Amino acid sequence: MAQALYGPEGFFLAGDAGPAGHFRTSVHASPLFGAAVLRLIRRIDDALGHPDPFDVVDVGAGRGELLTTLRSLLGAEPDQPGAGPGGSRTTPARPTQRRVHSLRKRVRWVGVELAGRPAGLASAIGWRREVPDGVLGLLLATEWLDNVPLDLAELDDAGRVRRVVVDTASGVESLAGLVDAAEAFWLARWWPGLHAAGDRAEIGWTRDLAWADAVSSVQRGCALAVDYGHLRTERPRWGTLTGFRGGRQIQPVPDGSCDITAHVAIDSAAAGAGSAYEIRSQRDALRALGVDGRRPPLGLASTDPAAYLRALGAAGAAAELIDPAGLGGHWWLLHSIGVSVSLA
């Protein structure tokens, strides 16, 4: 899985289209997603006292789509002068107070991705292969953890938990040796539902470690993961491993030709990061951040038809983002480090 996704000819490193050419995420679906993240950024900025710079670090940045959207949305907003530390944004700053520059002038944008810097990406957006240390602001990862490589396990006819191995050319699977002690410990704690022959588990400790490492880079602020996932009480009996290519779900053959993904054990990742956290469905999180999907009043169609059509289009995009059977079923995992910030 690691070689197929991140090797020299891996799926995420080869080609110019990037993930957007093969599957649709919330980032690609609508700028309403970016607008909601921007509202969260403002909450974090307020909680931190408006630092300069304010870091926005996107891990698994693809081709920089989310950072580009956020930067565009922020650039379209008027300056908000605000007051110095302890002051209010709605009252003029006193002459003796330090004037707070607008957020757009303080944000330091950083994309983290193994693929090279995308052509045409704004020069204001930094690009690197590793998560920077000392993040002051927001570290976010949208549909990154589901592509962190992991191993599969399956219960055999004798009740033993064995590794699943795969032929890299054909995708044909077979059972190999027993899982090791560390893997067995993780499974006992986080995936206890192996009962009948053929039951499968996706051993998520690699995701836990990757997320804990990313969260540890935040000095103060928040870390947000948005991803497909499940909780301990609802693990899927036969796992979730699958492939995507060209917008279609396919057999996950690890030859570099397709995306290989598995849902995230979101509660395990949360517990392993070692900081206060909040878990919500994307539907609930986006609603709390102002995305509700309500249709505009029909009367607007007669008084301002153009505005009605714009509002109707936005409502449709919002409905896709909060649909519990689709993107709205994603999980939002928010960690607060040195501040108190909530999605509520």
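Just so it is clear, the structure is predicted and the values come from calculations on it, not from any experiment.

Caption draft 1: Spotlight on the overall build of the chain. Along the backbone of the chain there are eleven helices and 16 strands. Taking all 344 residues of the chain together, 48% fall into the buried category. Nonlocal contacts in the chain, meaning residues at least 24 apart in sequence, comprise 71% of its contacts between residues at least 6 apart.

Caption draft 2: Seen up close, the sheet that holds strand 15 (residues 276–281). As summarised here, the arrangement of the seven strands in space is 3-2-1-4-9-16-15, forming an open sheet in which the pairing is mixed. Each edge of the sheet is formed by a strand with only one pairing partner; in this case those strands are strand 3 (125–128) and strand 15. Pairs of neighbouring strands in the sheet enclose a mean axial angle of 20°, with direction left out of account. Where strand 4 (residues 135–142) lies against strand 9 (residues 218–227), eight bridges are found, and the strand directions are parallel. The residue bridging leucine 139 from the neighbouring strand is alanine 223, located in strand 9. Where helix 3 (residues 31–48) meets the sheet, it contacts strand 1 (54–59), strand 4, strand 9 and strand 16 (331–337), and its direction lies at approximately 155° from that of strand 4. Along the sheet, helix 7 (residues 205–216) contacts strand 4, strand 9 and strand 16; its crossing angle with strand 9, the most-contacted strand, is approximately 145°.

Caption draft 3: Spotlight on the environment of phenylalanine 244. In this structure, phenylalanine 244 sits in strand 11 (residues 242–245). Residue phenylalanine 244 is classed as partly exposed on the basis of its relative accessible area of 22%. Placed 13 residues apart in sequence, phenylalanine 244 and serine 257 show a C-alpha to C-alpha distance of 9.2 Å.

Caption draft 4: Spotlight on the nonpolar core. Counting residues in each nonpolar core, the largest one holds 38 residues, and the members touching the most others are Phe33, Ile41, Val56 and Trp332. Broken down by element, the residue count for this core peaks at eight residues, all from helix 3.

Caption draft 5: Quick peek at the pattern of salt bridges. On inspection of all chains with the given rule, the structure shows eleven salt bridges. One salt bridge connects arginine 108 with aspartate 55, and the closest N-O pair in it is separated by 2.6 Å. Of the two residues, arginine 108 is situated in strand 2 (residues 107–112) and aspartate 55 in strand 1; the sequence distance between them amounts to 53 residues. The exposure class of arginine 108 is partly exposed, given its relative accessible area of 43%. Aspartate 55 gets classed as buried once you look at its relative accessible area, which sits at 5%.

Caption draft 6: Inspection of the sheet that holds strand 6 (residues 161–166) at higher detail. Across the sheet, which stays open at both edges, the four strands sit in the order 7-6-5-8 with antiparallel pairing between neighbours. A strand with exactly one partner marks an edge of an open sheet, and here the two such strands are strand 7 (173–178) and strand 8 (200–203). Averaged over all adjacent pairs, the angle separating strand axes in this sheet is 40°, with direction ignored. Inspection of the sheet shows strand 6 paired to strand 7 by four bridges, in the antiparallel sense. Its bridge partner lying in strand 7, valine 164 is registered against leucine 175. Sheet contacts for helix 6 (residues 181–190): strand 5 (151–155), strand 6 and strand 8; angle to strand 8, the most-contacted strand, approximately 115°.

Cut-offs applied
- Residues numbered from 1 in each chain as written.
- Predicted model: local features only at pLDDT ≥ 70, side-chain atom pairs only at ≥ 80, totals over all residues.
- Heavy atoms only, no water.
- Helix = DSSP H or I, 4+ residues; strand = E, 2+ residues; numbered from the N terminus.
- Buried < 20%, exposed > 50% of the residue type's maximum accessible area, 1.4 Å probe, protein only.
- Contact = heavy atoms within 4.5 Å.
- Pairing = 2+ DSSP bridges.
- Axes fitted to C-alpha atoms, helices over the stretch in contact; angles between N-to-C directions.
- Core = buried A, V, L, I, M, F, W, Y, C linked by side-chain atoms within 4.5 Å.
- Salt bridge = Lys/Arg side-chain N within 4 Å of Asp/Glu carboxyl O.

Geometric descriptors of this kind do not, in isolation, establish any biological role.
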